[in-house]
Amino acid sequence: MFMLKFSVNLLFAVAVLTSGATAAVHKRTADNDIDACNGSNHYDVGHSCAFADSQGTCQLNACQNLVCVPHAN
């Protein structure tokens, strides 16, 4: 019976720790408008993006760089 309780507690602890790490990864936003659509994100034009305190969509700027353009308030 002890092993069953130990196993259940261990599984619960692992589940809690991994869910917290996953949530932290998903909350991370880019530092700037360029990183919000590039780097490891691999977004394309029209994809939702976020950086600092802004949210918007990925668009091409005048130089054809993919950047996150904030939504108009």
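Residues numbered from 1 in each chain as written. Predicted model: local features only at pLDDT ≥ 70, side-chain atom pairs only at ≥ 80, totals over all residues. Heavy atoms only, no water.

## A word on the pairing of strand β1 (residues 48-51)
Right, on to step 1. Every second residue of β1 is oriented toward a common face, the buried set being C49 and F51 and the non-buried set S48 and A50.
Right, on to step 2. Sheet topology places β1 next to strand β2 (residues 54-60); 4 bridges connect them, and they run antiparallel. Bridge assignment links C49 to a residue of β2, and that residue is G56. (Buried < 20%, exposed > 50% of the residue type's maximum accessible area, 1.4 Å probe, protein only. Helix = DSSP H or I, 4+ residues; strand = E, 2+ residues; numbered from the N terminus. Pairing = 2+ DSSP bridges.)

## Topic: the confidence of the model for the chain
Parts of the model with low pLDDT should not have their predicted coordinates read in detail.
Right, on to step 1. Within the chain, residue pLDDT values average 76, and 62% of them lie at 70 or more.
Right, on to step 2. When the elements of the chain are averaged for pLDDT, helix α1 (residues 2-27) gives the smallest value, 52, and β2 the largest, 95.
Right, on to step 3. Low confidence marks residues 21-25, where pLDDT is under 50. Its contacts with residues over four positions away, or in another chain, come to 0 contacts. (pLDDT = per-residue confidence, 0-100. Contact = heavy atoms within 4.5 Å.)

## With respect to the state of the cysteines
Right, on to step 1. Evaluation of the coordinates by the stated rule reveals 2 disulfides.
Right, on to step 2. Covalent S-S linkage joins C49 and C68, the inter-sulfur distance amounting to 2.0 Å. Judged by the sign of its S-S torsion, about 90°, the bond between C49 and C68 is right-handed. Of this pair, C49 sits in strand β1 while C68 is found in strand β3 (residues 66-70), placing the two residues 19 residues apart along the sequence. (Disulfide = S-S within 2.5 Å.)

## Topic: the environment of A36
Right, on to step 1. Its location among the elements puts A36 in the loop between α1 and β1.
Right, on to step 2. Residue A36 is classed as buried on the basis of its relative accessible area of 2%.

## Observations concerning the nonpolar core
Right, on to step 1. Ranked by size, the top nonpolar core spans 8 residues in total: A30, A36, C37, C49, F51, C58, L66 and C68.
Right, on to step 2. In contact with C49, other than residues within four places in its own chain, are A36, C37, S54, Q55, G56, T57, C58, C68 and V69. (Core = buried A, V, L, I, M, F, W, Y, C linked by side-chain atoms within 4.5 Å.)

## A closer look at the sheet that holds β1
Right, on to step 1. The strand order β1-β2-β3 describes an open sheet built from 3 strands, whose pairing is antiparallel. Bordering the open sheet on either side are β1 and β3, each of which pairs with just one other strand. When strand polarity is set aside, the average angle formed by the axes of neighbouring strands in this sheet is 50°. (Axes fitted to C-alpha atoms, helices over the stretch in contact; angles between N-to-C directions.)

## Focus on the environment of C49
Right, on to step 1. With relative accessibility at 6%, the residue C49 sits in the buried group.
Right, on to step 2. Along the backbone, C49 and V69 are 20 residues apart, and their C-alpha atoms lie at a distance of 8.3 Å.

## Some points on unusual backbone geometry
Right, on to step 1. Of note in the backbone geometry, A52 takes a positive phi value of approximately 45° without being a glycine.
Right, on to step 2. Examined against the element boundaries, A52 turns out to sit in the loop between β1 and β2.
Right, on to step 3. Phi angles above zero are rare outside glycine, and Q64 is one such case at about 65°.
Right, on to step 4. Considering the arrangement of structural elements, one finds Q64 in the loop between β2 and β3.

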